Structures are given as structure tokens and as C-alpha cells.
Protein chains: 2
Amino acid sequence: MTARSVNTQNDIPTLDSLVDALRALPGVGPKSAQRMAFHLMQYNRGGAERLGHALLQATATIQHCEHCHTFTEETICATCRSPLRDPAQLCVVETPADQLMIEQSGTYSGLYFVLMGRLSPLDGIGPKEIGLDKLIQRATNGDVEEVILATNFTHEGDATAHYIGQILRARGLRVSRIARGVPAGGELEYTDAGTIAHALLDRREV
Amino acid sequence: MTARSVNTQNDIPTLDSLVDALRALPGVGPKSAQRMAFHLMQYNRGGAERLGHALLQATATIQHCEHCHTFTEETICATCRSPLRDPAQLCVVETPADQLMIEQSGTYSGLYFVLMGRLSPLDGIGPKEIGLDKLIQRATNGDVEEVILATNFTHEGDATAHYIGQILRARGLRVSRIARGVPAGGELEYTDAGTIAHALLDRREV
Ligand SMILES: [Zn+2]
Ligand SMILES: [Zn+2]
């Protein structure tokens, strides 16, 4: 395969604008943007129109919950407003997708704080970007008794949990980290040694 | 790793609608649609808004050229309207992207017919879907002396060229196929302009 420059200029202004605009999508380069534009215009104009309206509707109505920072259409999200949630527990997650996974586990009825990212100094994501001040304010509101750190077990997720944990413990809060271990249904034979080591360390009496 | 179902219901109607709508994009499943929606809402609302407008603008204004079927904002595209193009040559390509590649080779000054696909009976794409009647009408308009088949050298592209070639030759037209300077199994969209130039110069009557 010889290298060649990618020309996606079609000399049709609205089509070229669409190709350009599609590059706002994560992981979409010029070539796949053009493929997407052609596909939509040729096979799925109804879908393109629906997507156009959905994008404008979403940018106009979706905001961050004032209490937990997750996406919501209102000032305070449904979870934060619910009288059924236990205000003594605050679970810290990286993204709304992570929050959704914890909800699906069916084992948590406290509240959340969604960092909308994780600390990543090289990408310019510091304490301000993950809303640390708001989190401290929330955690020290008098209702919260325990903060559960449920950031990912990646290098950055761990560093973020460590950083937040230190700050909140210094304010006298009880802070915990979800356990590492063998996944449900997992077999030890197919689990990596590091995970097994953590499962051993995090063992609990039964 | 245990299998788990993908839940992308956020219980935020506009966000769920956006995730659904993003699946109109080719190759985008529920999980990457959600990742795209989160990314846009978190990091690039300006881009999301631009994309929304571009989609609505494109669906409202982009149509097919009445002469050559390519995308255009007008009834007849700029290429078909140009007095500088030689109406004695008609080059048949699968897509606007292929047409663009031939233009970039700088060796062709005739007109085009864009099939907007290729024959693919298993996908329900037959002569009607590639606009065969319009192509025959165009090729037999009295101006065209030679039809150059520049469909891809894939199985379907070859079959399409063979089929169109038979029909047009039966109407007394001179029909040629671009040369296999393009590697066997290769697609024009991914071939460098120099190779395409050779393939055009080496075309032979079929
Ligand atoms: Zn909330
Ligand atoms: Zn045209």
C-alpha cells in the first residue's frame, strides 16, 4: 500500500461542511468522516435528520447536576432528588457510564459524585476539571458519613482515588475504595496474577 | 471476562435519543454511540451543535445530479455543466469518492456517471438501484463516443463492469475498462493518483 494524501474536498460546500463537522466525533478521521457523510446522504437521510435534531436538542437541554455533576435535563438530577437514596453514602465515579454500571449492580442505594473524568496532569486535567471543590463541599455537607471511591483501577483512576482519599480523610471523613478481585463468574486459572494478589489482600471474613 | 449486556439507558430522554440517533452512523454500535454522546456533551458541545446544523443543512440541500447521479446542491452538478469537459467520453464509477480520485489523477477531462454503488444481488442492489436506465439514456445521447468503465477491481465491481459493458456494446457504443494498474482486489479510493493515471492511459477496449 503506497501512502497518499487524503483528499476529502468534494467542492460541494454543504457536503464538505458535513465531513468537517463529523470530525467532532471521537476517533473519526477525515477518511471515515467522508465515508459516514456519503453513507448518510446515500442510504439514511432520515437517520441523518434525526441525528441532527437530537444533537441540537441535546446541546440545548443537557446540563450538569448541581449536586453530583452527572448529565441531567434539570438543575438537580433524579437520583439526587430521590427521597429513597441514602444521603449518608457518597460514591465517586469517573463517568455517567460507570455510575450506570453501579446502579445495575443493584447493591448501592446512596448518592453519587461524577468526576466527569479523572486526574490526568499531562492532558491538563487537574483538581479543578474534576470538580474537586464541589466534591469536598458535597462530602462535608453534614449528611455524608462515608465516601466510596469507585474510580477505575487504571493508573490514572488509582491516582485520582488516592488524591481524593487523602483530602477527604484529612477532613475527618470515612473513605473506602471498592475491592479489586476475581470477576464474578471468573476462574482463577484464567485470571492474571496481579488480580489474584489483590483478591487475596482484599479478602474478607465470611 | 464474563459477558455482560450493554445498557445505554441513561433515563435522560434527550441523551438517550442522541445515543439512539448516533447509531445511524455506519459501524457505530450502542456502546460507541454512548461514548460519542458523552464525549460531545462533556468536551465538545460547539462541535455537536455544528454537526447538528451540518446534518440538517446537508439533508435539506444535497441531491443527486440529474445527469450523472453524483451528489450536488443543484439540479445539474458543476462537472456536468462545465463547457471544458469533453462530452465524447463518459467514465462510469461506483462512488463520488472514486470520481474524486480520478479527477485528482489529472488525466481525464470527460464526463462521469456515478452508480452510487455496484451490482450486488445478495444485498438487493440490482440494475435499477445503480441507475442503469439513466446510464443507457446518457450514454446514447449522441455525444458520447466512448464509455470508460472505472468500477473497482473487486468481484462485484468487475461483475458490474462486465454487465454494463455488455449492454452498452450491444447498443453500438465503444466501451473500455481502465487497466489493471490498480492492484487486483484493490479499491480506487485507496490507490495513489499516479497508479490511477496509468490505469486510465492503459485502458483497453473490451
Ligand atoms: Zn445529581
Ligand atoms: Zn453531474
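First, a word on what this report is: a plain description of the structure on this page.

Criteria and cut-off values
Numbering of residues starts from 1 in each chain and follows the order in which that chain's sequence is written. Chain letters and ligand numbers both follow the written order, the letters beginning at A and the numbers at 1. Thresholds applied to this predicted model are a pLDDT of at least 70 for local features of residues and 80 or more for the giving and counting of side-chain atom pairs; totals over whole chains, interfaces and linings are not thresholded and use all residues. Hydrogens and water molecules were not included; the side-chain quantities draw on all heavy atoms of the structure. Helix and strand labels come from DSSP, where a helix needs a run of H or I of at least four residues and a strand needs a run of E of at least two; each type is numbered from the N terminus. Residues are treated as being in contact if the distance between any of their heavy atoms lies within 4.5 Å. Burial here depends on accessible area, computed with a 1.4 Å probe over protein chains only, as a share of the maximum for the residue type. Under 20% is buried, over 50% is exposed, and the range in between is partly exposed. At least two DSSP bridges between two strands are needed for those strands to be called paired. A clockwise course of the path from the first strand over the helix to the second, judged with the strands pointing away from the viewer, identifies a crossover as right-handed. For Na, K and Ca the donor cutoff is 3.2 Å, while for all other metals N, O and S atoms must lie within 2.8 Å; water is not among the atoms, so some sites may look incomplete. Working definition: the arc comes from the directions between the helix axis and the C-beta atoms, pointing outward to the latter. Residues belong to one nonpolar core when they are buried, are Ala, Val, Leu, Ile, Met, Phe, Trp, Tyr or Cys, and are joined through side-chain atoms within 4.5 Å.

Residues and elements named next belong to chain B. Residue position: Thr70 is located in the loop between strand S1 (63–64) and strand S2 (71–72). Separated by 29 residues in sequence, Thr70 and Gln99 have C-alpha atoms that sit 8.8 Å apart. Setting aside its immediate chain neighbours within four residues, Thr70 contacts Gln63, His64, Cys65, Cys77, Pro96, Gln99, Val114 and Met116.

All names here are of chain A. Taking burial as the measure, the 5 residues of strand S4 (residues 110–114) include 5 buried ones, the bulk of the element. Pairing analysis gives 5 bridges linking strand S3 (residues 86–93) to S4, with the strands arranged parallel. Bridging from a neighbouring strand, Asp86 pairs with Gly110 of S4. Assessed by its sense of winding, the connection that carries the chain from S3 through helix H5 (residues 96–105) to S4 is right-handed.

This next bit is on the coordination of the zinc ion (ligand 2). Residues and elements named next belong to chain B. Around the zinc ion (ligand 2), the protein contributes the donor atoms Cys65 (SG), Cys68 (SG), Cys77 (SG) and Cys80 (SG), at 2.2 to 2.3 Å from the metal centre. Within one chain, the residues serving as donors to the zinc ion (ligand 2) are arranged as C-x2-C-x8-C-x2-C. Separated by 15 residues along the polypeptide, Cys65 in the loop between S1 and S2 and Cys80 in helix H4 (residues 78–81) bring together distant segments of the chain. As far as burial versus exposure is concerned, Cys65 and Cys80 are alike and both buried.

All names here are of chain B. Residues Leu132, Leu135, Ile136, Arg138 and Ala139 constitute the buried set of helix H6 (residues 132–139). Take H6 and look down its axis: the buried residues cluster within an arc of 165°, on one side only. In H6, the exposed positions that point more than 90 degrees away from the buried face belong to Asp133 and Gln137. At its buried positions, H6 is contacted by H4, strand S3 (86–93), strand S4 (110–114), strand S5 (146–149) and helix H7 (155–170).

Within the largest apolar cluster, 71 residues are counted, with the highest numbers of intra-cluster contacts made by Leu25(A), Leu25(B) and Ile102(B). Among residues more than four places away in sequence, those in contact with Leu25(B) are Leu22(A), Leu25(A), Met36(A), Leu40(A), Leu51(A) and Met36(B).

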